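Inside the fold
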Amino acid sequence: MSLRNTLLKIIVTISFYVTAGIVHASEEQKPTLTWLSIDWQPAWIHDGPLKGLGYAQTVERMLRERMTDYVHEDRPVTNLRIYSVLQNRDACFAASPYKGADLLEDKKQGVIWSAPSYVFFYQGIITTPEAVPAIQKYVKDGYVDFNALINDDELIGAFQPGRSYSRWLNPILANKEKTAKMFRWSGDTRLTQSMFKLMEAGRIDYFVDYVIMLKYHEASTGTPSEHVYLPIGLHKELLGFGGIACSDTPLGRKVITDINEILGEIRLSSEVREVNRRWLMPEAQEEEYWRKWETELLPLKK
């Protein structure tokens, strides 16, 4: 090898390591942002033909793609630890009730929220066709009297203790006397599928959850479900907002500012509208859903 080629090889090698060092140093200078997720479909979908198409998952991905000033990392957590993690380290969670509206007070401390990123209908009753006649005696004008239903000795309902439902249901489900006849399920994985399996095995007659659980069950199995969704009277004509929750720290506050700026753009995108339509909009509620989206969600900038 000639002296000229040797020097050229040395220069190229040095340039490579200098460039790599600069890139590495640049990455080290970026703050690390941890994104929490739970095994709950269709907020996050990690396998199957619908992989990556969860409604929180989609918004989180679009934010991360645009937030290039951060190093992003993933951290799966259990349903019960979401807010304790946010309160103890810098992190964000993309499926939280807007401004913590439906959280118990202890979960709101040390947490801040973005502008809303999605609209949802509150929980109802998901049940089997066989149980509908027994539940119907608690239905008036199409809505279930939840307080009366859970007192029925012949029907077994299920819920997940410690989970945040709605500000109207939380006090009821936290009362052990009122829920003495209900089944408490405390699993942390495959939350959606597990509740359906309990019902299909005949262990419960109904469970409390969103209509989106039924939509995902149908989409993931590829066949129309025989299960029935009945709205709860406590939630009549109520829709909620969801957004991104982050730790209330200097980094978290900077992150929320950046997120709000990006949300102003991506909430107008067809991708975000489609993922909301697919999972969060009940049948025959399209007009009401998009009215809420256009007149109430979009004007909220933080």
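Note that the coordinates shown come from a computational prediction; the quantities given were computed from them, not determined experimentally.

What counts and how
- Each residue is numbered by its place in its chain's sequence as written, counting from 1.
- In view of the model being predicted, local features appear only for residues whose pLDDT reaches at least 70, and side-chain atom pairs are presented and counted only at 80 or more, with totals across whole chains, interfaces and linings using the full set of residues.
- Excluded from the side-chain calculation are hydrogens and water; included are all heavy atoms of the structure.
- Only DSSP runs of H or I with at least four residues qualify as helices, and only runs of E with at least two residues qualify as strands; both kinds are numbered from the N terminus onward.
- Buried residues are those whose accessible area, probed at 1.4 Å on protein chains only, stays under 20% of the maximum for their type, while exposed residues exceed 50% and partly exposed ones sit between those limits.
- Contacts are assigned to residue pairs with any non-hydrogen atoms lying within 4.5 Å of each other.
- Expected span, for any helix, means 1.5 Å times one less than how many residues it has.
- The disulfide definition used here is simple: a pair of cysteine sulfur atoms within 2.5 Å.
- Here, a strand pair is defined by DSSP locating no fewer than two bridges between the strands.
- Each axis is a line fitted through C-alpha atoms, and for a helix only the stretch in contact is used; angles between axes span 0 to 180 degrees, taken between their N-to-C directions.
- Here, the term nonpolar core denotes a set of buried Ala, Val, Leu, Ile, Met, Phe, Trp, Tyr and Cys residues that are joined through side-chain atoms within 4.5 Å.
- Any Phe, Tyr or Trp ring, taking Trp's six-membered ring, that has another such ring centre within 6.5 Å forms a pair; planes under 30 degrees apart are called stacked, those over 60 apart edge-to-face, and the others tilted.
- Note on terminology: angles under 35 degrees are roughly parallel, angles over 145 are roughly antiparallel, angles of 65 to 115 are roughly perpendicular, and the others are oblique.
- Whether a crossing is left-handed or right-handed is set by the direction in which the near helix is turned from the far one by less than a right angle, anticlockwise for left-handed and clockwise for right-handed.
- Residue polarity is assigned by list, with Asp, Glu, Lys and Arg as charged and Ala, Val, Leu, Ile, Met, Phe, Trp, Tyr, Cys and Pro as nonpolar; anything else, Gly included, falls into the polar class.
- Cavities and pockets are defined on a 1 Å grid built over the protein atoms alone: a cavity is a set of grid points where a 1.4 Å probe fits but cannot escape, while a pocket is an open set with protein on both sides within 12 Å along at least five of seven lines, and lining residues are those with an atom within 4 Å of any such point.
- Grid points are joined across faces, edges and corners, and a volume is the space filled by probe spheres set on the points.

1. Side note on the overall build of the protein chain
For the protein chain, the helix and strand inventory stands at 12 helices and 12 strands. Burial analysis of the protein chain (302 residues in total) assigns 48% to the buried set. Partitioning the intrachain contacts of the protein chain with sequence separation of at least 6 by distance along the chain shows that 75% fall at a separation of at least 24.

2. Let's talk about helix 10 (residues 250–266)
Its 17 residues give helix 10 an end-to-end C-alpha distance of 25 Å, which sits within 8% of 24 Å, the value for a rise of 1.5 Å per residue. Three or more residues of helix 10 are buried, namely Leu251, Gly252, Val255, Ile256, Asp258, Ile259, Asn260, Ile262, Leu263 and Ile266. Those residues of helix 10 that are buried lie in contact with strand 1 (32–37), helix 2 (55–66), strand 3 (91–97), strand 4 (111–121), strand 12 (239–247) and helix 11 (270–280).

3. Some words on the environment of Val132
Relative to the helices and strands, Val132 is located in helix 5 (residues 132–136). Taking relative accessible area as the criterion, Val132 reaches 16% and is therefore assigned buried. Separated by 97 residues in sequence, Val132 and Tyr229 have C-alpha atoms that sit 9.7 Å apart. Other than its neighbours up to four places away in sequence, Val132 contacts Thr127 and Val228.

4. Points about the state of the cysteines
With the rule as written, the count across this model stands at one disulfide. Note on cysteine connectivity: Cys92 is disulfide-linked to Cys246, with sulfurs 2.1 Å apart. Since a negative S-S torsion denotes a left-handed disulfide, the Cys92-Cys246 link at about 105° is right-handed. Of this pair, Cys92 sits in strand 3 while Cys246 is found in strand 12, placing the two residues 154 residues apart along the sequence.

5. Some details on the sheet that holds strand 12
A sheet is described by the order of its strands in space; here five strands give the open sequence 2-1-3-12-4, paired in mixed fashion. Whereas interior strands pair on both sides, the edge strands pair on one side only; in this sheet they are strand 2 (71–76) and strand 4. Taking each pair of neighbouring strands and ignoring which way they run, the sheet shows an average axis angle of 25°. Sheet analysis places strand 1 next to strand 2, joined by six bridges and oriented parallel. Pairing of Thr32 across the sheet is with Val71, part of strand 2. Lying on the sheet, helix 10 is in contact with strand 1, strand 3, strand 4 and strand 12; it crosses strand 4 at an angle near 35°.

6. Notes on the nonpolar core
If you look at the biggest cluster of nonpolar residues, it comprises 73 residues, and the most contacted ones within it are Tyr55, Leu63 and Ile244. The element that contributes the greatest number of residues to this core is strand 4, accounting for eight residues. Residues in contact with Leu63, not counting those within four places in the same chain, are Trp35, Ile244, Ile259, Ile262, Leu263 and Ile266. Judged by nonpolar contacts, the second largest core, of 19 residues, contains Ile125, Tyr138, Phe159 and Ile172.

7. Digging into the packing of aromatic side chains
Applying the stated criterion across every chain, the model contains 14 aromatic pairs. With a centroid separation of 5.6 Å and an interplanar angle of 80°, the aromatic rings of Trp290 and Trp293 are classed as edge-to-face. One end of the pair, Trp290, and the other, Trp293, are both in helix 12 (residues 286–297), three residues apart, so they sit about a helical turn from each other. Comparing Trp290 with Trp293 shows no difference in burial state: the two are buried. Following the ring pairs from residue to residue traces out a cluster consisting of Trp40, Tyr55, Tyr118, Phe120, Tyr122, Trp168 and Tyr210.

8. Observations regarding the packing of helix 2 against helix 10
Running from N to C, helix 2 and helix 10 cross one another at 115°; their axes reach a closest spacing of 10 Å. Judged by the inter-axis angle, helix 2 sits roughly perpendicular to helix 10. At the point where helix 2 passes helix 10, the crossing takes the right-handed sense. When helix 2 is examined against helix 10, the residues Val59, Met62, Leu63 and Arg66 are found in contact with a partner set consisting of Ile259, Ile262, Leu263, Glu265 and Ile266. For the contact of helix 2 with helix 10, a count of residues per class yields seven nonpolar, no polar and two charged.

9. Observations concerning the layout of surface pockets
One simple way to see leftover space: roll a probe sized like a water molecule over the atoms. Of the voids in this model, the largest pocket is the one considered here, and its volume is about 530 Å³. What lines the largest pocket is a set of 20 residues, and nearest its centre among them are Val211, Tyr229, Pro282, Glu283 and Gln285. Of all the elements in the fold, those that place two or more residues in the lining of the largest pocket are helix 9 (211–221) and strand 11 (228–231). Among the elements that take part in the lining of the largest pocket, helix 9 stands out by supplying four residues, more than any other. Per-class residue counts for the lining of the largest pocket are 11 nonpolar, three polar and six charged. Of the pockets and cavities examined, the second largest pocket occupies roughly 400 Å³. What lines the second largest pocket is a set of 29 residues, and nearest its centre among them are Asn79, Tyr83, Ala95, Pro97 and Ser164.

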